[in-house]
Protein chains: 2
Amino acid sequence: MLTERQLLILKVTVDDYIQSAQPVGSNQLAKKSGLSFSPATIRNEMADLEGMGFLEKTHTSSGRVPSERGYRYYVDHLLTPRRLPKGDIVQLRSIFEDKITETEEVIKRSAMILSELTNYTSILLGPDVRRHIVKKLSIVPLSSGSAVAIIVTDTGHVENRVFPIPEGLDPSEIEKMVNILNERLVGVSLNDLHKRLEQETLMVMKQHMERYGDLFSTFRQAVILPQEKNVYYGGKLNILNQPDFHDLHKIRSLMDVMEETEHIPMIIPVGNQGLHIRIGSENALSAMEDCSVITVSYDIGEEQTGSIAIVGPKRMDYKRIVSLLDTLSGDLSKELTRILRN
Amino acid sequence: MLTERQLLILKVTVDDYIQSAQPVGSNQLAKKSGLSFSPATIRNEMADLEGMGFLEKTHTSSGRVPSERGYRYYVDHLLTPRRLPKGDIVQLRSIFEDKITETEEVIKRSAMILSELTNYTSILLGPDVRRHIVKKLSIVPLSSGSAVAIIVTDTGHVENRVFPIPEGLDPSEIEKMVNILNERLVGVSLNDLHKRLEQETLMVMKQHMERYGDLFSTFRQAVILPQEKNVYYGGKLNILNQPDFHDLHKIRSLMDVMEETEHIPMIIPVGNQGLHIRIGSENALSAMEDCSVITVSYDIGEEQTGSIAIVGPKRMDYKRIVSLLDTLSGDLSKELTRILRN
DNA sequence: TGTTAGCACTCTTATAGTCCGAGTGCTAAG
DNA sequence: CTTAGCACTCGGACTATAAGAGTGCTAACA
């Protein structure tokens, strides 16, 4: 229902606004972009586009600014993914240039590079730790009353927690218990670990090995996963560079929301495969109503996935970010899967 | 050389400005604080104080604002440490209310509570990890080509790192090596670990145990301490609440500087015992020239120390912060020493 | 001699008025 | 259907003015 020319003008308008952050007027547009219509024509079309809700005016006689609907249409129909410039590719590849063997390290670097490349804030979610598989459990006594519990998973992730142990327990007893734990719990996912520990405790208790039972249950308490938050940020402060944000209050609440890992699932819908764009009020959190968020998932082996999110102003460089995320998501998947398999 | 009355007026002026963030004038001051002099007298004294460099005017006919020298004098001579209000004490104590067994956890909580209590940013330095003593080393193979190295220290701190291992190494070989490592390196400080490992590698090589030598040296590379940064922040965003900071650029560079662990030694002079106050340009970093930083050290056992820093505007509530830090430093020392000793 | 009232002066802040430029919508001509 | 022309609107920059808070100085007072 939009004419060819309207599409063109919408696209050019959005592009221009994304680039300049200034409301775009008909004259300006006629000159800058090589459009072959007169300003008057453009004016008419813009009025129509405004009527349809794709553009807005900031005041009666101002130039036009894309509405959320405008951005949405732009993103859905007008986005011609561009080839990444060489420089960008080089930088992205630099993430992997030192052969890093740790998943977390790679993700951290990705977050950093991504924020540098975009000047927006990046949020990366690593693989869900709860699905990691226990590779080895151990307990290292620290003193007569405490020990540290260590869980190593198949990905090389290490969880550790100090916990109290009954006074006067012999080291050899602990060793025995660790053996039991390993015998029975290696291969279990962290998610199931707690449940399984409960079963094992009961089992042990039934066999009248009370002392172990105690140890089992304090150990169990220690390994309740502290809501593992493997979230990595890049460029948290980049919001401060965006001319779109000047209200310190809004900035504050936006930063607050992002910092709080509790809110992450609202920012990055979990389980969503592929690339998604949320514009302004499409975001679940009201603190982000002036932002756009682009998310994409990536794979780690066959089973696990992570997510990448870029948070920026609605006036975000969608084209560039989409290309960037597409590429990075692919690269990350490849690299992390390689690391996992070795 | 300052008269009694000048001292009083200086103190009241600084107090008032700290509280109101507004330049304070003679009339205002005469009314609000129960001073028994007329505004004219106060005016004269203020003029003198300005002459001596303790006060400043923001413009020719404005009220007075403390100069850095004024703050310095106030802090050095006019600070009458106040008893903490009950509410504050209750909140401080809440740090320790659940019996937490982990040093890091306690410090984290302290950072949080402290920033809530002050509305400034808190930076806490934990004990220097490099002085921790190795309690146990272990290596857990993840796949044919990689393993994770784990170092547990006497404080329950766990360092871990994934590193590549020579293909086709038998698990039992690894076990042997771990035994050697533990035999020789338990009791060494993390700081010395690297050096010692080098010696051991040579030793092993000399005995023609080449395979181990390889493993030793990759292991050694893995445990190069990644500049251990046990720094904990509270209220990083609190700067945004301070009316003193409005320039987004300055805010940005301030936050940048604080975030960068590299700069921490410039913010918190290491090795300094006791409480220190740095006002404005007394700070080493130019990004902090509008801030005051109050630091205090605390003990962890007999050997180790940590630091607490509060970063706020020069117009900081020195009295309150000093009391708060005094108390917290004492409490932390007691509690952490207890945890360490068990 | 130290203190204070009085007063002229200064400077900031808020408000209102003016002007310019960029932009629009509409009409009429091409 | 397109475009030139034109009247109109509005924000931003600039100026002027008034009010308010504060100062410094002088002179009177205790």
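Residues numbered from 1 in each chain as written. Chains lettered and ligands numbered in written order. Predicted model: local features only at pLDDT ≥ 70, side-chain atom pairs only at ≥ 80, totals over all residues.

K.L.:
I tried to follow the overall build of chain A on my own but got confused; where do I start?
P.N.:
Across its full length, chain A carries twelve helices and ten strands. In summary, chain A has a C-alpha radius of gyration of 27 Å against a globular reference of 20 Å for 342 residues, an excess of more than 25%. On the principal axes, the C-alpha backbone points of chain A span a range of 90 × 40 × 35 Å. Classification of the 342 residues of chain A by burial places 37% in the buried group. Nonlocal contacts in chain A, meaning residues at least 24 apart in sequence, comprise 58% of its contacts between residues at least 6 apart. (Helix = DSSP H or I, 4+ residues; strand = E, 2+ residues; numbered from the N terminus. Rg over C-alpha atoms; globule rule 2.2 N^0.38 Å. Buried ≥ 20, exposed ≤ 12 C-beta atoms within 10 Å, placed from the backbone. Contact = placed C-beta atoms within 7 Å.)

K.L.:
Sorry if this is basic, but what is going on with the sheet that holds strand β8 (residues 276-279) of chain A here?
P.N.:
Within a sheet, neighbouring strands are paired by backbone hydrogen bonds and run either parallel or antiparallel to one another. Residues and elements named next belong to chain A. The five strands are arranged β7-β3-β10-β9-β8 in an open sheet whose pairing can be described as antiparallel. Looking at which strands have only one partner, the edges of the open sheet turn out to be β7 (231-234) and β8. Each adjacent strand pair in this sheet contributes to an overall mean axis angle of 15 degrees, direction not counted. Alignment of β8 against strand β9 (residues 291-300), held across four bridges, turns out to be antiparallel. Following the sheet pairing, Ile277 is matched in β9 by Ile294. Packing of helix α12 (residues 318-341) onto the sheet brings it into contact with β8, β9 and β10 (304-313), and relative to β9 it is tilted by some 25 degrees. (Pairing = 2+ DSSP bridges. Axes fitted to C-alpha atoms, helices over the stretch in contact; angles between N-to-C directions.)

K.L.:
I tried to follow the domain arrangement of chain A on my own but got confused; where do I start?
P.N.:
For interface size, the figure often reported is the accessible area lost on association. The domain boundaries assigned to chain A delineate domain 1 (4-78), domain 2 (86-127 + 230-341) and domain 3 (130-222). On a C-alpha basis, the centres of domain 2 of chain A and domain 3 of chain A stand 36 Å from each other. (Domains from an automatic or database assignment.)

K.L.:
Just checking my understanding: could you explain the interface of chain B and chain A for this structure?
P.N.:
Facing the 29 residues of chain B at the interface are 29 residues of chain A. Elements that contribute at least two residues to the side of chain B that touches chain A include exactly β4 (134-141), β5 (146-153), β6 (158-164) and α10 (248-259) of chain B. Among the residues making up the side of chain B that touches chain A, the classes are represented as 14 nonpolar, nine polar and six charged. (Nonpolar A, V, L, I, M, F, W, Y, C, P; charged D, E, K, R; others polar.)

K.L.:
Is there a simple way to think about the environment of Leu181(A) in this case?
P.N.:
As for its placement among the helices and strands, Leu181(A) is situated in helix α7 (residues 171-185). Once the C-alpha coordinates of Leu181(A) and Leu137(A) are considered, the two residues, 44 residues apart in sequence, prove to be 7.0 Å apart.

K.L.:
How should helix α6 (residues 103-118) of chain A be read in this particular structure?
P.N.:
Side chains that are three or four residues apart share a direction in an α-helix, a result of its 3.6 residues per turn. All names here are of chain A. For α6, which comprises 16 residues, the first-to-last C-alpha distance of 23 Å matches the rise-based estimate of 22 Å (1.5 Å per residue) to within 8%. Every buried residue belonging to α6 is among Thr103, Val106, Ile107, Ser110, Ala111, Ile113, Leu114, Ser115, Leu117 and Thr118, and all of these are buried. Elements that come into contact with the buried residues of α6 comprise α5 (86-94), β3 (121-125), β7, β9, β10 and α12. One or two steps after α6, the chain reaches Asn119, where phi turns positive at roughly 65 degrees. (Expected span 1.5 Å × (residues − 1).)

K.L.:
It is not clear to me how the protein's contact with DNA strand C should be interpreted in this structure. Could you clarify?
P.N.:
Of all residues adjacent to DNA strand C, which total 21 residues, the nearest are Gly25(A), Ser26(A), Thr41(B), Thr60(B) and Ser61(B). Among the elements of the structure, α2 (26-32) and α3 (39-51) of chain A together with α3 (39-51) of chain B are those that each provide at least two residues to the surface near DNA strand C. (Near = placed C-beta within 6 Å.)

K.L.:
Where do I start with the sheet that holds β5(B) in this structure?
P.N.:
All names here are of chain B. Pairing is antiparallel in the open sheet, where three strands are placed in the order β4-β5-β6. In the strand order of this sheet, the two ends are held by β4 and β6, each with one partner. Here the strands of the sheet are splayed against their neighbours by 15 degrees on average, with no regard to which way each runs. Bridge count between β5 and β6: seven bridges; the pairing is antiparallel.

K.L.:
Honestly, the nonpolar core in this entry has me stumped. Any pointers?
P.N.:
Soluble globular proteins tend to bury their nonpolar side chains together. Membership of the largest hydrophobic core comes to 116 residues, with the highest contact counts inside it found for Ala309(A), Leu325(A), Ala309(B) and Leu325(B). With residues up to four places along the chain from it excluded, the contact list for Ala309(B) reads Ser122(B), Ile123(B), Ile267(B), Ile268(B), Val293(B), Ile294(B) and Thr295(B). By size, the runner-up hydrophobic cluster in this structure holds 54 residues, among which are Ile151(A), Ala222(A), Phe216(B) and Phe219(B). (Core = buried A, V, L, I, M, F, W, Y, C linked by C-beta atoms within 7 Å.)

K.L.:
What is the right way to read helix α8 (residues 190-206) of chain A from this model?
P.N.:
Its 17 residues give α8(A) an end-to-end C-alpha distance of 25 Å, which sits within 8% of 24 Å, the value for a rise of 1.5 Å per residue. Among the residues making up α8(A), those that are buried are Leu190(A), Leu193(A), Leu197(A), Glu200(A) and Val204(A).

K.L.:
Would you take a moment to explain the relation of the copies chain B and chain A for this structure?
P.N.:
With an RMSD of 0.1 Å, chain B superimposes on chain A once it is rotated by 180 degrees and translated 0.0 Å along the axis. Both copies are brought into coincidence by an operation consistent with a two-fold rotation axis. Most of the interface of chain B is mirrored in chain A, where 100% of its interface residues are also at the interface. (Least-squares fit on C-alpha atoms with pLDDT ≥ 70 in both.)

K.L.:
Just checking my understanding: could you explain the protein's contact with DNA strand D for this structure?
P.N.:
If you check the shell around DNA strand D, you find 20 residues, and the closest are His59(A), Thr60(A), Ser61(A), Gly25(B) and Ser26(B). No other element matches the four residues that α3(B) contributes to the surface near DNA strand D. Classifying every residue of the surface near DNA strand D gives five nonpolar, 13 polar and two charged.

K.L.:
So what exactly am I meant to see when it comes to the pairing of strand β5 (residues 146-153) of chain A here?
P.N.:
Taken residue by residue, a regular strand's side chains alternate between the two faces of the sheet. Residue and element names in this part refer to chain A. A large share of β5 lies buried, amounting to seven of its eight residues. When strand β4 (residues 134-141) meets β5, the two strands line up antiparallel, connected through seven bridges. By the bridge assignment, Lys136 is partnered in β5 with Val152. With antiparallel pairing between neighbouring strands as the criterion, β4 and β5 make up a hairpin whose turn holds four residues. As consecutive antiparallel partners, β5 and strand β6 (residues 158-164) are separated by four residues, and within that stretch Gly156 has a phi angle of approximately 90 degrees, a positive value.

K.L.:
Help me out: how do you make sense of unusual backbone geometry in this one?
P.N.:
Trans is the prevailing form of peptide bonds, just as negative phi is the prevailing case for residues other than glycine. The backbone of Ala21(A) sits at a positive phi, close to 65 degrees, despite the residue not being glycine. Ala21(A) gets classed as partly exposed once you count the C-beta atoms within 10 Å, which come to 13.

K.L.:
Any chance you could explain the packing of helix α1 (residues 4-20) of chain A against helix α4 (residues 68-78) of chain A here in plain terms?
P.N.:
All names here are of chain A. The contact between α1 and α4 brings their axes to 10 Å, and the two run at 110 degrees. Classified by the angle their axes make, α1 and α4 are roughly perpendicular. Along this stretch, α1 crosses α4, giving a crossing that reads as left-handed. Residues Leu7, Leu10, Lys11 and Val14 of α1 pack against Gly70, Tyr71, Tyr73, Tyr74 and Leu78 of α4. (Parallel < 35°, antiparallel > 145°, perpendicular 65-115°, else oblique. Left-handed = near helix turned anticlockwise from the far one by under 90°.)

K.L.:
Would you mind showing me how to read the confidence of the model for chain A here?
P.N.:
The predicted coordinates ought not to be read in detail in places where the model reports low pLDDT. On average, residues of chain A carry a pLDDT of 91, and 97% of them reach 70 or more. When pLDDT is averaged over each element of chain A, α4(A) comes out on top at 98 and helix α9 (residues 210-222) of chain A at the bottom at 75. (pLDDT = per-residue confidence, 0-100.)

K.L.:
Teacher, can you tell me more about the environment of Ile180(B) here?
P.N.:
With respect to the secondary-structure elements, Ile180(B) resides in helix α7 (residues 171-185). Judged by C-beta crowding, with 18 C-beta atoms within 10 Å, Ile180(B) ranks as partly exposed.

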